[in-house]
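Structural description and commentary
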Amino acid sequence: EPLSGDNGAGGKQEVLGMQYANAETPTVDIGGKTYNVKLEVVDNESSNDKAVSAASNLISKNVSIILGSYGSGVSIAASDTFAQAKIPAVGVTCTNPQITIGNDHYFRICFIDPFQGTVLANFAKDQFSATKAYCLAKQGDDYSVGLCNYFMKAFGEENCVYEVFPEGTSDYSSYVTSAKNSGADVFFAPVSIEAAALILDQAATQDLGMPMLAGDTWDSNVITEAAKGKSNIDLYVTTFYQEGGNAEFDAAFKEWIN
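Residues numbered from 1 in each chain as written. Predicted model: local features only at pLDDT ≥ 70, side-chain atom pairs only at ≥ 80, totals over all residues. Heavy atoms only, no water.

1. Concerning the overall build of the chain
Along its length, the chain carries nine helices and 10 strands. For the chain, whose C-alpha radius of gyration is 19 Å, the value lies close to the compact-globule estimate of 18 Å for 258 residues. In terms of principal-axis extent, the alpha carbons of the chain reach across some 65 × 40 × 30 Å. The burial tally for the chain puts 43% of its 258 residues in the buried class. In the chain, once contacts between residues fewer than 6 apart in sequence are set aside, the share between residues at least 24 apart is 63%. On the chain, roughly 13000 Å² of surface is accessible, and the fraction owed to carbon and sulfur atoms is 50%. Both charge centroids of the chain, one from 15 positive and one from 32 negative side chains, sit 3 Å from each other. (Helix = DSSP H or I, 4+ residues; strand = E, 2+ residues; numbered from the N terminus. Rg over C-alpha atoms; globule rule 2.2 N^0.38 Å. Buried < 20%, exposed > 50% of the residue type's maximum accessible area, 1.4 Å probe, protein only. Contact = heavy atoms within 4.5 Å. Areas by Shrake-Rupley, 256 points an atom, 1.4 Å probe, with all protein chains shown as cover. Lys, Arg positive; Asp, Glu negative; His and termini not counted. Charge placed at Lys NZ, Arg CZ, Asp CG, Glu CD.)

2. Regarding the packing of aromatic side chains
Following the criterion strictly, the structure yields 18 aromatic pairs and no others. Each ring, one from F111 and one from F240, has its centre 4.7 Å from the other, and the planes form 25 degrees; the classification is stacked. One end of the pair, F111, is in the loop between strand 5 (106-108) and helix 4 (113-128); the other, F240, is in the loop between strand 10 (235-237) and helix 9 (247-257), and 129 residues separate them in sequence. Here F111 falls in the partly exposed class, since its relative accessible area comes to 23%. (Phe/Tyr/Trp six-rings, centres within 6.5 Å; stacked < 30°, edge-to-face > 60°.)

3. A closer look at the packing of helix 1 (residues 8-24) against helix 9
Any two packed helices are characterised by how steeply their axes cross, that is the angle between the axes, and by the distance between the axes. Running from N to C, helix 1 and helix 9 cross one another at 95 degrees; their axes reach a closest spacing of 11 Å. It follows from the interaxial angle that helix 1 and helix 9 lie roughly perpendicular. Across the interface between the two elements, L16, Q19, Y20 and A23 of helix 1 pack against F249, A252, F253, W256 and I257 of helix 9. When the residues that make up the contact of helix 1 with helix 9 are grouped by side-chain class, the tally is eight nonpolar, one polar and no charged. (Axes fitted to C-alpha atoms, helices over the stretch in contact; angles between N-to-C directions. Parallel < 35°, antiparallel > 145°, perpendicular 65-115°, else oblique. Nonpolar A, V, L, I, M, F, W, Y, C, P; charged D, E, K, R; others polar.)

4. Section: the environment of I193
Of note, I193 is situated in helix 7 (residues 193-205). The exposure class assigned to I193 is buried, which follows from its relative accessible area of 2%. Discounting residues that sit within four places of it in the chain, I193 has contacts with D6, N7, A9, G10, Y70, T217, S220, V222 and I223.

5. Comments concerning the environment of V28
As for its placement among the helices and strands, V28 is situated in strand 1 (residues 27-30). Sequence separation between V28 and Y134 is 106 residues, and the spatial gap between their C-alpha atoms is 48 Å. Leave out the neighbours within four places in its chain, and V28 touches K33, T34, Y35 and V37.

6. Section: unusual backbone geometry
A cis geometry characterises the amide bond from G68 onward to S69, with omega recorded as 5 degrees. You will see that S46, though not glycine, has its phi angle at about 60 degrees, which is positive. Take S46: it is sitting in the loop between strand 2 (33-36) and helix 2 (48-60). For K86, which is not a glycine, the phi torsion comes out positive at approximately 60 degrees. Along the chain, the position of K86 falls in the loop between helix 3 (72-85) and strand 4 (89-91).

7. With respect to the pattern of salt bridges
Enumeration according to the criterion identifies eight salt bridges in this entry. The salt bridge partner of K61 is E40, with a shortest N-O separation of 4.0 Å. Here the residue K61 occupies a position in the loop between helix 2 and strand 3 (66-67), and E40 occupies one in the loop between strand 2 and helix 2, the gap between them amounting to 21 residues. The residue D201 makes a salt bridge to K230 at a minimum N-O spacing of 3.2 Å. With D201 in helix 7 and K230 in the loop between helix 8 (221-227) and strand 10, this residue pair connects regions lying 29 residues apart in the sequence. (Salt bridge = Lys/Arg side-chain N within 4 Å of Asp/Glu carboxyl O.)

8. Observations regarding the nonpolar core
By size, the foremost hydrophobic cluster in this structure holds 29 residues, and its most contacted members are L136, F187, I199, L200, L208, M212 and W218. For this core, the secondary structure elements donating two or more residues are strand 6 (133-138), helix 6 (173-181), helix 7, strand 9 (212-214) and helix 8. It is helix 7 that provides the largest number of residues to this core, a total of eight residues. Once residues lying within four places of it in the same chain are set aside, the contact partners of I199 are L136, Y172, V176, F187, A189, V191 and M212. A121, A133, V186 and L213 belong to the second-largest nonpolar core, a separate cluster that totals 17 residues. (Core = buried A, V, L, I, M, F, W, Y, C linked by side-chain atoms within 4.5 Å.)

This is the structure:
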């Protein structure tokens, strides 16, 4: 899991879910024998380059199954290492279909980006009568590039303005300006949490003037904090679980967190 880097906040969020599950179900029965479940958490630093060494680190700990990772790119990068070790992996929120396509060792429990992108595109059309969309992704990032492509395919590529920003970008003012000048009706940016907070600041500063849409990465307290006090921001995100969906679960999880 990414515990640092661009997706560190999301990785920590995902690990908390695993730790809560482990606290609720600390043992598993297999073949008439009871085993204690022990979690080994390794940081892939949100980096495709570090994902392989993180995967090797887990294998050296003699784990029997892999959970993760938050972030499709790092999951894809680590996949071959798990396959060679013959250890199955289960993705929790990694939505790019390339993670599991052609692989009999990698599984997932979440929806995938062709579905998520189509839902967002249809939402833009149905909710806002949008006829033109501005789409922003990070160059070389499997998740944001992939999700933008699925969104544009469903929305109509001829009606989309698509831009990418390079690794290390910290100033997003030119992209927000570009979106405003494009004549778009919606702004779609399914990027990392770290980039999202900076984009929100620029959108508020320049008074973007159109609804902002994003995928599951923006489902984070970091984003709600970044949007706090910005009354000119209109933001919609897709999510795996909406707080309030199960009162009993919410109460038990909050008690455990506290």
